[in-house]
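Residue strings, one per chain:
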Amino acid sequence: MIPATACSGARGAAPTATAARPTVTPQSCVATAKLIPSCGAWWGVAPEVFTGLRPRRALERAERRMGRSADILHVYHRGSELFPTAQEIELARDPETPRLLLINWKPSFDHTWAEIAEGALDSRIDRLAAHLRTRFPERFFLTVHHEPEDDVSPAEGSGMTADDYAAMFRHVVLRLRERGVRNAVTVMTYMGAPNWASQSWFERLYPGDDVVDWVAMDPYADARVADFSGLVNKTRREYAQWPGFYRWMQRRFPGKPIMVAEWGVFERPGQPDFKPAFFDSVRAQLGGYPQIKALVYFDSPRAPRGDTRFDVTPRAAEAFARLARDRRFHATPVPRP
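I will try to describe carefully the structure that is included in this document. Everything numeric in this text was worked out from a predicted model, so none of it was measured. (Residues numbered from 1 in each chain as written. Predicted model: local features only at pLDDT ≥ 70, side-chain atom pairs only at ≥ 80, totals over all residues. Heavy atoms only, no water.)

1. A short note on the overall build of the protein
A count of helical and extended segments in the protein gives ten helices and nine strands. Relative to the compact-globule value of 20 Å for 337 residues, the protein shows a C-alpha radius of gyration of 19 Å, a close match. Counting every position in the protein, which comprises 337 residues, the buried fraction comes to 57%. Across the protein, the fraction of contacts at a sequence separation of at least 24, relative to all contacts at a separation of at least 6, is 80%. When the accessible area of the protein is evaluated, it comes to approximately 13800 Å², of which 49% is carbon and sulfur surface. (Helix = DSSP H or I, 4+ residues; strand = E, 2+ residues; numbered from the N terminus. Rg over C-alpha atoms; globule rule 2.2 N^0.38 Å. Buried < 20%, exposed > 50% of the residue type's maximum accessible area, 1.4 Å probe, protein only. Contact = heavy atoms within 4.5 Å. Areas by Shrake-Rupley, 256 points an atom, 1.4 Å probe, with all protein chains shown as cover.)

If you want it as structure tokens, here you go:
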């Protein structure tokens, strides 16, 4: 998902815990050069999306609601916007609770992937590179045109084939590197949906190990998902050959960390206990997925398919706060600027 326009939203019930990050980290736990936590996993959030709030206010409210600060702040940019913004930089450099930025950039809605790969946006990429070199030397996560599957047009010459996407991603990353951007930790973000993963062109989306540091999925708990295992390993009877996203990633990218770059649980009318039970399932089942090194929740009252706020009810808020306090999400300190 990506926030296209600002919408007004409401706030749910909030836990009363403080937003401080507990100081329980073993000194041997560190982040690698590619921002892989050596112990546990990062805890992140895309806060109060589609509410019209600016990042600082949205993050402050979300952190207060979940009872802790975020390791990762997920923000969205598009087109010619320069990033990170001054406010995003301040949040990343907070002296008390530094945060890693996960910046989600769609370079253009007016050019095809093939055109971008051929250099149509090189001046835009160069301008961004100059901004990053002078304003933000810290390491950050960068994903380029996330969830490309439903934008693929497989017809030859469309400029939007899977091969065109891979070429676009490669071109953007290599151009940034050539212009001196060495602090971007790159993330290839898939939708995590069996129908798209079963397409004949799906494997060709991957841009290559040399330009991808992490692989990611964006799964959501719809009516057919019962728990965390069902979320990260969705299978469908009609796509019998698909093994599930985590299983596929584990086999396809055994040496790369996996990020759940967006995940959300939709409200289910008449099932007020579903969200609390789901959040408890994450705590119970996460240990079975050791390659997952980051969980980033998509918190929105108006996500395209429903309400993903984690605290619509007091019980959901309490369960989410328990999950956020899990020791695995406090094992490695966020690198200080």
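2. Some details on the pattern of salt bridges
If charged atoms from side chains of opposite charge come close, those side chains can pair. Counted under the stated rule, the structure contains 26 salt bridges. Between Asp213 and Lys34 there is a salt bridge, with the nearest N and O atoms lying 3.3 Å from each other. One end of the pair, Asp213, is in the loop between α6 (194-197) and β6 (214-217); the other, Lys34, is in the segment before β1 (42-46), with 179 residues separating them in the sequence. With a relative accessible area of 11%, Asp213 lands in the buried category. Three or more residues joined by partner-sharing salt bridges are found here, namely Glu48, Arg61, Arg65, Asp299 and Asp311. (Salt bridge = Lys/Arg side-chain N within 4 Å of Asp/Glu carboxyl O.)

3. Considering the state of the cysteines
Among covalent bonds in proteins, the disulfide is the one between the sulfur atoms of two cysteines. Overall, the coordinates contain one disulfide when judged by the stated rule. Each disulfide pairs two cysteine sulfurs, and for Cys29 the partner residue is Cys39, the sulfurs being separated by 2.0 Å. In this structure, the disulfide formed by Cys29 and Cys39 twists by about -80 degrees around the S-S bond and is classed as left-handed. Highlighted residues: Cys29 in the segment before β1 and Cys39 in the segment before β1, separated in sequence by ten residues. Residue classification places Cys39 among the partly exposed positions, given a relative accessible area of 23%. (Disulfide = S-S within 2.5 Å.)

4. Comments concerning the packing of helix α4 (residues 122-135) against helix α5 (residues 162-178)
At a minimum axis distance of 9 Å, the contact between α4 and α5 shows a crossing angle of 45 degrees. Taken together, the axis directions place α4 and α5 in an arrangement best described as oblique. Crossing angle aside, the handedness with which α4 passes α5 is right-handed. Contact residues: Asp122, Ile125, Asp126, Leu128 and Ala129 in α4; His171, Val172, Arg175 and Leu176 in α5. Classifying every residue of the contact of α4 with α5 gives five nonpolar, one polar and three charged. (Axes fitted to C-alpha atoms, helices over the stretch in contact; angles between N-to-C directions. Parallel < 35°, antiparallel > 145°, perpendicular 65-115°, else oblique. Left-handed = near helix turned anticlockwise from the far one by under 90°. Nonpolar A, V, L, I, M, F, W, Y, C, P; charged D, E, K, R; others polar.)

5. Some thoughts on the packing of helix α9 (residues 274-285) against helix α10 (residues 314-325)
The geometry of α9 relative to α10 is characterised by a closest axis approach of 8 Å and an angle of 10 degrees between their N-to-C directions. As far as their axial angle goes, α10 and α9 are roughly parallel. Note on element contacts: α10 touches α9 through Arg315, Ala316, Ala319, Phe320, Arg322 and Leu323, opposite Lys275, Pro276, Phe279, Asp280, Val282 and Arg283. The residue makeup of the contact of α9 with α10, split by class, is seven nonpolar, no polar and five charged.

6. Focus on the packing of aromatic side chains
On inspection of all chains with the given rule, the structure shows 34 aromatic pairs. Taken together, a centroid distance of 6.0 Å and an interplanar angle of 85 degrees make the contact between Phe202 and Trp242 edge-to-face. Of this pair, Phe202 sits in the loop between α6 and β6 while Trp242 is found in the loop between α7 (228-232) and α8 (245-252), placing the two residues 40 residues apart along the sequence. A single burial state applies to Phe202 and to Trp242, both of which are buried. Arranged with centres 5.7 Å apart and planes meeting at 20 degrees, the rings of Tyr220 and Phe266 form a pair that is stacked. Taken together, the residues Tyr220 in strand β7 (residues 220-221) and Phe266 in the loop between β8 (258-265) and α9 connect sequence positions 46 residues apart. Phe266 matches Tyr220 in its accessibility class, with the two residues each being buried. Site record: aromatic cluster; members linked through ring pairs are Trp43, Trp263, Phe274, Phe278, Phe279, Tyr297, Phe310, Phe320 and Phe329. (Phe/Tyr/Trp six-rings, centres within 6.5 Å; stacked < 30°, edge-to-face > 60°.)

7. Some remarks on the pairing of β8
β8 sits mainly inside the fold: eight of its eight residues count as buried. Where β6 lies against β8, three bridges are found, and the strand directions are parallel. Looking at β8, one finds that Met217 is bridged to Val260. Bridge count between β7 and β8: two bridges; the pairing is parallel. Among the inter-strand pairings, Ala221 is bridged to a residue of β8, identified as Val265. Two elements, β8 and strand β9 (residues 292-298), share four bridges in a ladder whose sense is parallel. Directly across from Met259, in β9, lies its bridge partner Ala294. Crossover handedness for the path β8 to α9 to β9: right-handed. (Pairing = 2+ DSSP bridges. Right-handed = clockwise from strand over helix to strand, strands pointing away.)

8. Brief notes about the side chain of Asp222
Residue placement: Asp222 occurs in the loop between β7 and α7. For Asp222, a relative accessible area of 18% puts it in the buried group. Separated by 3.0 Å, the side chain of Asp222 and the backbone nitrogen of Arg224 make a polar contact. Contacts of Asp222, omitting those with residues within four sequence positions, involve Lys234, Arg236, Phe266, Arg268 and Arg305. (Polar contact = N/O pair within 3.5 Å; in protein donor to acceptor, adjacent residues only side chain to side chain.)

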